[in-house]
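# Residue-level structural notes
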Amino acid sequence: MTLRPTAFAALAAVGALATLCNPAAAQEKLDRVEVTGTAIKRLAGETALPVQVIGREEITKAGVTTAAELVARISAAANNLTDGGSIGYGGFRDQMGFNAANLRGLGVSSTLVLLNGRRMANFASPGDAAGVDLNSIPAAAIQRVEVLLDGASALYGSDAIGGVINFITRKDFRGAEASVLAGATREGGGGKRAATLSGGLGDLATQGFNLMAVLDLQTTKPLNASQRKFITALDIPGRLPDLLSSASFPGNVLLARSQFNILEAEGFKANGKDVISTRRINPSAGSGCNPPASLYLPDGIGGEEGCTFDYMRDIELYPKSRKSSFFGRGVVALGRDHQLFVELSSARARTLYSGTPNRVDADIDVSRLPYFKTSSLNSLDADDEDRVITVRTRLMEAGLRTSELISATQRTVVGLTGTSGTWDYEFAYNHSASNVSDRDHQGYLNEALIRSGFADGTISPFERSGSAGLALYEQAQIRGEVRAANGTTDSVDFKASRSLARLDGGDLALALGGESRREKQVYRQSDALAQDLILGETSQGPDAAFTRSRRVNAVFAEISAPLTKQLELQAAMRYEHYTVSGGAFSPKLGLRYQPSSMLLLRASAGRGFRAPSLSDLYRPVSTGTAATLVDPVCMGLDPENTVTDCSDTWTTYNYSYDKLKPEKSRQFSLGAVFEPHRGMTLNLDYWNIEKSNLISTLGVDVILSDVTKYSGLVIRDEDQAIDHIDLIKRNRGKQRISGLDVGVSVSPMRTALGSLGLRLNGTLTLRSQQQTGDGDPFVSNLGRFLNDGVVQRWRHTVSVDWEQGPFSATLSNSYLSGYRDQEVVGKANRNVEAYSLWNLSAGWEATKSLSLRVGVQNLLDKSPPFSQQAYFFLSGYDPSYTDTRGRYGYASLRYTFR
């Protein structure tokens, strides 16, 4: 017995987010096609693996225009890399501008992203995450997205532990189509403009060729914290004063112990009233500092006699960007059974990330600081080191530190496909490249000039500059490229499948294939950065540039054995060998049992692996900045020390390791699809994944939570203050995660008020835990922010569609459950509220050629919930999954030329 056509669609959708079927589509011939997760052509939904499908119609109804926006709607994705996590850092963090998918919360490096079933070059900038930048996906050309919610190393090799996201473009397109979209937010900022032009000619079936191309242009406007009321409502200065900055304007004086002792002995009054009691003081603290930017917050990181800089009142929350993409495809029939195809794609994203104004700890002779005019420090000998005062100040007049990130990708695929004898075959050459240019645009300065300006009095840490000081700031600006990275992937792949014999349930089918791939990564930095001349940038030293490459060879086989009409066995295996890292064998078994037309049962089990990236193996030592965290050793040195005294954004040294071994995984899944009656399908899938030999560095919060165990990683000076923390990449520990995927799909049902349809896709994570090292206890990040993020226990998207003649509407909701906030020393444990967004869109098919759609995202204007997380630079909320735009409305128009 076979499932009804709507059940096939539900199997491919595995719990919603599938394009709703209509009566006409139900009668269409179901062609055998290649589905993500198998190399054997079959009807969509026949596999033992859960595949979720997001169709073009649904993408249009949701109003999303980028691959990153689309991935954010997948309930199985958690802790993705987003623009929100990149903002505010300037050059502090690697891989700025990298948008990436993270299925199951297993890490970006364990999610494989494909375009038409083939790999793309990973984001070129070296860093801890290895994956495809979603900005490189030509979203306007996408016909559908297939999300394989199961490991697929047996077919695709490395990186597919968490699953596969396969973006599939339009094919055999004819005619022309133009569309435009404009969107704006209620409070201003964060608006969008987009335009797409598509065209195609030739009928492959009758004319023997088809050519098509899609060009897409998009721009987004920046969004500043000053434009959002919720930032004020979060009361970050009152609730998180220690997560702000001690680099204020006017500047904070940082006294050495000897200087403090001299001032204390003479009864120096730090604020004009009280005798000095701390080593961080500010001349303006007694008068309230310099609000609204610099505030007097006794519990703030500036200290009780200093000032705290509130950078969250005027920082960018959403970047300004300009994105363009092109995708072209041509197919030519070479006789009856063979086709030559060519795919060309190119994408470019230019994004301006603006952070805070630059900061410096300036060394100034006491004679140039009126604040100490009457102090005995002024009477010291000219060569006495205690005459030199360090002032931590914010360079407001230099402007915001703004980085211009340009990411460009190109991809060319040339191949042959067809039938030779009894074999269906495909052979292709794939060249893919990623180029990233990181440029200082504003606010990055020649450090020597700035320090000289403070030393000779041209600029002051306490007062606004005159014309000479402003001229110095402009002279010191460093603009242009500071880092550049190039990554290329060249591969040749083949696959062939055929029927071997006839079994009781159908054809015994075999697929064979292989791939040979060369990966290369090149990184370089400017001379100024190599020589550590740029204030606000972190240099990797003069020897940081590198060029590395490796070869990968693989073979695979897959078999499908329909033993009976109800029972099918599927098996696959792949061997893949990486130079340096070695080889891995990945087997997989799948079972599909259909006892009736209403019920399908499925199961799979397999092994997977992830080879270390070139960055994991060879990236030079890099300097970074950790989140604001408390040093427990500092707390123990003096019982009077407060959390504020012992908190800072600690310097980190990040180390790669050229002897890393691949990560390994074991996983299995059990599921069922139930169709109680035509047009309604329900599915439930249990999944379980365990990774070992994790390629990881210990988080700074983990290291500081046990400074006895990890004392060798915390490098201190003679006063026991932290100089830096070593983050060393190694194979260590295991990770376990399991859960349930739930789906409901109801095809449009006709009523007196029109046809109604429903789609729901949810993920309930039952376990998510990780060891910090071999033999260590497992620590859970399920429903708890740990280290760099959280895996919410429940996530879902649900939508209701309505259609009546030329009119349609969609109401949808995306929901993420609440969780335990990051635990911070000195703060009470708390919970972060659930995050629920409602979206509404409506469409009108004005004519056969013209269609209009309007929509509102975040219909109820939901603000990000408060969080005390200290990992992301943006404080007060978690920018990795929240939308700071608030209510966003858009309108689009599409015209088809026939």
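None of the values given here were measured: they were computed from a predicted structure.

Our focus in this paragraph is helix H10 (residues 257–265). For H10, every residue scored as buried is listed here: Gln259, Phe260 and Leu263. Here the buried residues of H10 occupy an arc of 100° about the axis, which is enough to place them on one side. Taken together, the buried residues of H10 touch strand E10 (252–254) and strand E18 (388–394). Immediately downstream of H10, the backbone of glycine 267 shows phi near 75°, a positive value.

It is worth spelling out the sheet that holds strand E34 (residues 714–716) at this point. Across the sheet, which stays open at both edges, the four strands sit in the order E29-E30-E35-E34 with mixed pairing between neighbours. Each of the sheet's edge strands pairs with one partner strand only, and the pair in question is strand E29 (622–630) and E34. The mean inter-strand angle of the sheet, taken between neighbouring strand axes irrespective of direction, is 30°. Pairing of E34 with strand E35 (residues 722–728), which is carried by three bridges, proceeds in the antiparallel orientation. In the sheet register, isoleucine 715 faces E35, and the bridge partner there is histidine 724.

This paragraph deals with the state of the cysteines. Counted by the stated rule, this structure contains two disulfides. If one numbers only the bonded cysteines of the chain, in the order they occur, the disulfide pattern is 1-2, 3-4.

Tracing the backbone through its elements, the reader meets alanine 178 in strand E6 (residues 175–185). Taking the C-alpha atoms as reference points, alanine 178 and tyrosine 523, 345 residues apart in sequence, are found 39 Å from one another. Those residues within four positions of alanine 178 in sequence are excluded, and the remaining contacts are Thr196, Leu197, Leu893, Arg894, Tyr895 and Phe897.

Before going further, it helps to spend a moment on the pattern of salt bridges. Per the stated rule, a full pass over the model turns up 47 salt bridges. For arginine 170, the salt bridge goes to glutamate 177, with nearest N and O atoms at 3.3 Å. By relative accessible area, which is 5% here, arginine 170 ends up buried. By relative accessible area, glutamate 177 is classed as buried at 11%. Salt bridges sharing partners connect three or more residues here, namely Asp128, Arg610, Asp616, Arg619, Glu663, Lys691 and Lys729.

The buried fraction of E29 is high, at seven of nine residues. As judged from the seven bridges shared by E29 and strand E30 (residues 647–655), these two strands associate in the antiparallel manner. The residue bridging threonine 625 from the neighbouring strand is threonine 651, located in E30.

Moving on to the packing of aromatic side chains. Under the counting rule described, the total for this entry stands at 15 aromatic pairs. Centroid distance phenylalanine 268 to phenylalanine 372: 5.5 Å. Interplanar angle 20°. Geometry classified as stacked. Placement of phenylalanine 268 in the loop between H10 and strand E11 (280–281) and of phenylalanine 372 in the loop between strand E17 (359–365) and E18 is noted, with a sequence separation of 104 residues between them. Centre to centre, the rings of tyrosine 311 and phenylalanine 873 are 4.5 Å apart; their planes meet at 20°, and the pair counts as stacked. Residue tyrosine 311 is found in the loop between strand E13 (308–309) and strand E14 (316–318), and its partner phenylalanine 873 is found in the loop between strand E45 (850–857) and strand E46 (888–897); the two are separated by 562 residues along the sequence. Note on tyrosine 311: relative accessible area 5%, which makes it buried. A cation over an aromatic ring shows up here: arginine 104 above the ring of tryptophan 687, its NZ or CZ 3.9 Å from the ring centre. A cation over an aromatic ring shows up here: arginine 730 above the ring of tyrosine 657, its NZ or CZ 3.8 Å from the ring centre.

About the thresholds
Residues numbered from 1 in each chain as written. Predicted model: local features only at pLDDT ≥ 70, side-chain atom pairs only at ≥ 80, totals over all residues. Heavy atoms only, no water. Buried < 20%, exposed > 50% of the residue type's maximum accessible area, 1.4 Å probe, protein only. Helix = DSSP H or I, 4+ residues; strand = E, 2+ residues; numbered from the N terminus. Arc of directions from axis to C-beta. Contact = heavy atoms within 4.5 Å. Pairing = 2+ DSSP bridges. Axes fitted to C-alpha atoms, helices over the stretch in contact; angles between N-to-C directions. Disulfide = S-S within 2.5 Å. Salt bridge = Lys/Arg side-chain N within 4 Å of Asp/Glu carboxyl O. Phe/Tyr/Trp six-rings, centres within 6.5 Å; stacked < 30°, edge-to-face > 60°. Lys NZ or Arg CZ within 6 Å of the ring centre and 35° of its normal.

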